[in-house]
Amino acid sequence: MKAFHRTAALSMAFLASFASASDLPVDQEAFRVLVGREVAIGTTMKDAENRLIALGLQCKSVTGGWTNNVSDKTEFLFCSRQSGTVVQRRWRVAVLPLGGKVAEVRPTVGLVGP
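Definitions and cut-offs
Positions within a chain are numbered from 1, following the residues in the order the chain's sequence is written. In view of the model being predicted, local features appear only for residues whose pLDDT reaches at least 70, and side-chain atom pairs are presented and counted only at 80 or more, with totals across whole chains, interfaces and linings using the full set of residues. Hydrogens are left out, water is left out, and the side-chain values use all remaining heavy atoms of the structure. Only protein chains enter the area calculation, which uses a 1.4 Å probe; residues under 20% of their type maximum are buried, those over 50% are exposed, and those in between are partly exposed. Only runs of H or I of at least four residues qualify as helices and only runs of E of at least two qualify as strands under DSSP, and these elements are numbered from the N terminus. The arc in question is the one traced by the directions running from the helix axis out to the C-beta atoms. Working rule for contacts: check all heavy atoms of both residues, and any pair within 4.5 Å makes them a contact. N or O atoms within 3.5 Å of each other form a polar contact, as long as, within protein, one can give a hydrogen and the other can take it, and as long as residues adjacent in sequence are counted only when both atoms are side-chain atoms. A pairing counts as a salt bridge when a side-chain nitrogen of Lys or Arg comes within 4 Å of a carboxyl oxygen of Asp or Glu.

Trainee: Lay out helix H3 (residues 45-54) with the relevant residues and their values.
Mentor: Among all positions in H3, only Met-45, Ala-48, Glu-49 and Leu-52 are buried. What you see down the axis of H3 is that its buried residues fit within an arc of 100°, all on one side. What points out from H3, more than 90 degrees from its buried face, is the exposed set Lys-46 and Ala-54. Here the buried face of H3 lies against helix H2 (28-38), strand E1 (58-63), strand E2 (75-84), strand E3 (88-98) and strand E4 (101-112).

Trainee: Quick one: what's the story with the environment of Val-62, residue by residue and with numbers?
Mentor: Among the secondary structure elements, Val-62 is positioned in strand E1. When the C-alpha positions of Val-62 and Ala-94 are compared, they lie 9.5 Å apart, and in sequence the two are 32 residues distant. Beyond its immediate sequence surroundings of up to four residues, Val-62 is in contact with Thr-74, Glu-75, Phe-76 and Phe-78.

Trainee: Mind laying out H2, listing which residues take part and the relevant values?
Mentor: Looking only at H2, the buried set comprises Phe-31, Leu-34 and Val-35. In a view along the axis of H2, the buried residues occupy a sector of 95°, so they form one face of it. Where the residues of H2 are buried, they touch H3, E3 and E4. At the N-terminal end of H2, a side-chain oxygen is found 3.2 Å from the backbone nitrogen of Glu-29, two or three residues along, and the residue is Asp-27.

Trainee: Which residues make up the pattern of salt bridges, and what values do they have?
Mentor: For the coordinates displayed, the defined rule picks out five salt bridges. Its salt-bridge partner being Lys-46, residue Glu-49 comes within 3.6 Å of it at the nearest N-O pair. With Glu-49 and Lys-46 both in helix H3, this residue pair falls three residues apart, about one helical turn. According to the relative accessible area criterion, Lys-46 is exposed, its value standing at 51%. Ionic pairing is found between Asp-47 and Arg-51, a salt bridge with its closest N-O pair at 3.0 Å. Within this pair, Asp-47 and its partner Arg-51 are both found in helix H3, separated by four residues, close to a single helical turn.

This is the structure in C-alpha cells:
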C-alpha cells in the first residue's frame, strides 16, 4: 500500500510540474503567435528582451552556434524557460538582430526527456 501512495504522490508532483508554466502555450503554433505578437520585426533588441522576460523566459546574449558554420560569430538573444522534472517542456526563442533591431524571431516549444 505504501508503494501505491508513493507512486500516486510522484505522479501528482509530475503533473503539477507542468501546471507551473501553464501561462505559456504548449502548442507550437500558439507559442509562435504569442511571441510574434510580443516581439515584432523592427522592435529594439532591448525591448524584445524585456517583453520575453515579462513572459517568464530567461534571456542571455549568445555568440555563434546559430548555424552549422563553425566560424559563425553571429550574436543573438536566446531566451528559454522549462518546466517538469523527468520529462521537461521547453520554450525557447532565438532573436536575431540587424542594426540593433529584431530581424528574425524563432520560437520553439517541445518536450525533452529520457
